[in-house]
Amino acid sequence: MATIYTYKDRNIRKTYTLFGVFFVVVIGIGWIFSEIYKSPDVLVIAVLFSIFMSFFSYWYSDKIVLRMANAHEIQKDQARDLYTIVENLSITAGLPTPRIYIIEDSSPNAFATGRDPKHSVVAVTRGLLSKLNKTELEGVLAHELSHIGNRDMLLSTMVVVLVGFISLISDMFLRSVFFGRFNDRDREGQAGGILFLIGLVLSIIAPIVGILMQLAISRKREFLADQSGALLTRYPEGLASALQKISDDGTPLRVAKSTTAHLWIESPYGKSQKRTPLLLKLFSTHPPVEDRIKALKDMAS
């Protein structure tokens, strides 16, 4: 039988695997572009930059996300009911009580961040506190604590870093092509021409594939956190009702950013942007709320 710990070890393994994939991809792309540019410095710069970005994202990603969301930390005497719910759920989940942040926004939403459970943060909007009842709020907070317990946050961060890095070097290569930094001597010989074509194809396709990978992982994480959160509260209907209210509210989140959209419990862009054609769902940061609610109701029955 699944428990709230079912996915923790799996996600830790995925994180280390992703670290390995990250460096392999960076070295591979760096080597191809270094051959195209006829400069080994490109490979060295790519490896050094990837190492820097890995450590930077690990230590500072939570601070960056909280600042982007204009969130401010609160103490227990400022929101006693909220703190009590988080503390009780944390004890049940066997997790340290995370720091709690409030976002002064009328749109109901929430997210969790932090590099590990000891440095975790749960952030909720003012709209979430005012528009959900206690049972629904417990469901949302259990969902966010499940992200912490399942070690989703670091995995998500590394995917973002990988996709961002691939997009950056692809953009640099395309700019160098279109602005004429390559001349005929750069592409002399059959091998040089093949490498150039490989680099051009990679620079176009790699960012798209990377983004699709990021979004697929994000959607799967939401389903897993829904399931784990429902196991934590033993009341799937609470989270299902909360998701329905959040989806129906339709108030766009003023602090929403495309780079952090996947962190929120539900799409932060408002109801008008959630009803998308089937093809565009591939580029959605969240699974359809109807599917999430159905899965939760199936658990309850």
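The structure this text deals with has already been given above.
Read on for a plain summary of the structure. (Residues numbered from 1 in each chain as written. Predicted model: local features only at pLDDT ≥ 70, side-chain atom pairs only at ≥ 80, totals over all residues. Heavy atoms only, no water.)

### A closer look at the overall build of the protein
Next up, step 1: If you tally the helices and strands in the protein, you get nine helices and four strands.
Next up, step 2: Secondary structure of the protein in N-to-C order comes out as α-α-β-α-β-β-β-α-α-α-α-α-α.
Next up, step 3: Burial status across the protein gives 47% buried among its 301 residues.
Next up, step 4: Across the protein, contacts joining residues at least 24 apart in sequence account for 71% of those joining residues at least 6 apart.
Next up, step 5: Accessible surface, the protein as shown: approximately 15,100 Å² in total, 62% of it carbon and sulfur. (Helix = DSSP H or I, 4+ residues; strand = E, 2+ residues; numbered from the N terminus. Buried < 20%, exposed > 50% of the residue type's maximum accessible area, 1.4 Å probe, protein only. Contact = heavy atoms within 4.5 Å. Areas by Shrake-Rupley, 256 points an atom, 1.4 Å probe, with all protein chains shown as cover.)

### Regarding the packing of helix α8 (residues 236-249) against helix α9 (residues 289-300)
Next up, step 1: At a closest axis distance of 8 Å, the pairing of α8 and α9 adopts a crossing angle of 165 degrees. Taken together, the axes of α8 and α9 are roughly antiparallel relative to one another. Between α8 and α9 lies a crossing whose hand is left-handed. Between α8 and α9, the contacting residues are Pro236, Glu237, Leu239, Ala240, Leu243, Gln244 and Ser247 on the first element and Val289, Arg292, Ile293, Leu296, Met299 and Ala300 on the second. (Axes fitted to C-alpha atoms, helices over the stretch in contact; angles between N-to-C directions. Parallel < 35°, antiparallel > 145°, perpendicular 65-115°, else oblique. Left-handed = near helix turned anticlockwise from the far one by under 90°.)

### What to know about the packing of aromatic side chains
Next up, step 1: For the coordinates displayed, the defined rule picks out one aromatic pair.
Next up, step 2: Their ring planes at 80 degrees and their centres at 4.8 Å tell us that Phe111 and Trp264 sit as a pair that is edge-to-face. Of this pair, Phe111 sits in strand β3 (residues 110-113) while Trp264 sits in the loop between α8 and α9, placing them 153 residues apart in sequence.
Next up, step 3: Relative accessible area serves as the criterion here: at 1%, Phe111 is assigned to the buried category. (Phe/Tyr/Trp six-rings, centres within 6.5 Å; stacked < 30°, edge-to-face > 60°.)

### Brief notes about the environment of Arg99
Next up, step 1: Here Arg99 lies in strand β2 (residues 99-103).
Next up, step 2: Along the primary structure Arg99 and Ala112 are separated by 13 residues, whereas in three dimensions their C-alpha atoms are 9.9 Å apart.
Next up, step 3: If near-sequence neighbours (up to four positions away) are discounted, Arg99 is found in contact with Asp62, Glu73, His119, Ser120, Val121 and Val122.

### Re the packing of helix α3 (residues 80-93) against helix α5 (residues 134-149)
Next up, step 1: In the contact formed by α3 and α5, the axes pass within 10 Å of each other and the chain directions differ by 50 degrees. The angle between α3 and α5 falls in the class oblique. For α3 against α5, the interelement crossing comes out right-handed. Taking contact as the criterion, the partners of Leu82, Ile85, Val86, Leu89 and Ser90 in α3 are, on α5, Lys134, Leu137, Glu138, Leu141, Ala142 and Leu145.
Next up, step 2: Within the contact of α3 with α5, the residues separate by chemical class into eight nonpolar, one polar and two charged. (Nonpolar A, V, L, I, M, F, W, Y, C, P; charged D, E, K, R; others polar.)

### Observations concerning the environment of Ala242
Next up, step 1: Topologically, Ala242 is positioned in helix α8.
Next up, step 2: For Ala242, a relative accessible area of 0% puts it in the buried group.
Next up, step 3: Leaving out residues up to four positions away in the same chain, Ala242 has contacts with Leu132, Glu136 and Val140.

### A few points about unusual backbone geometry
Next up, step 1: One non-glycine residue, Asn70, lies in the positive phi region at around 55 degrees.
Next up, step 2: On the secondary structure map, Asn70 appears in the loop between α2 (41-68) and β1 (71-73).
Next up, step 3: At Arg234, a residue that is not glycine, the phi angle is positive and equals roughly 60 degrees.
Next up, step 4: Counting through the fold element by element, Arg234 comes out in the loop between α7 (189-233) and α8.
Next up, step 5: For Arg234, a relative accessible area of 61% translates into the label exposed.

### Re the pattern of salt bridges
Next up, step 1: Evaluated as defined, the whole model comprises ten salt bridges.
Next up, step 2: The shortest N-O distance in the salt bridge between Glu104 and Arg126 comes to 2.7 Å. Within this pair, whereas Glu104 is found in the loop between β2 and β3, its partner Arg126 is found in helix α4 (residues 126-131), the two being separated by 22 residues in sequence.
Next up, step 3: Residue class for Arg126 comes out partly exposed when judged on its relative accessible area of 38%.
Next up, step 4: Across the pair Asp249 and Lys131 runs a salt bridge, and its minimum N-O distance is 2.9 Å. Here Lys131 lies in helix α4 and Asp249 lies in helix α8, a separation of 118 residues in the sequence.
Next up, step 5: Of the residues examined, Lys131 reaches a relative accessible area of 33% and is grouped as partly exposed.
Next up, step 6: Sharing partners across several salt bridges, the network here consists of Glu222, Asp226, Glu266 and Arg292. (Salt bridge = Lys/Arg side-chain N within 4 Å of Asp/Glu carboxyl O.)

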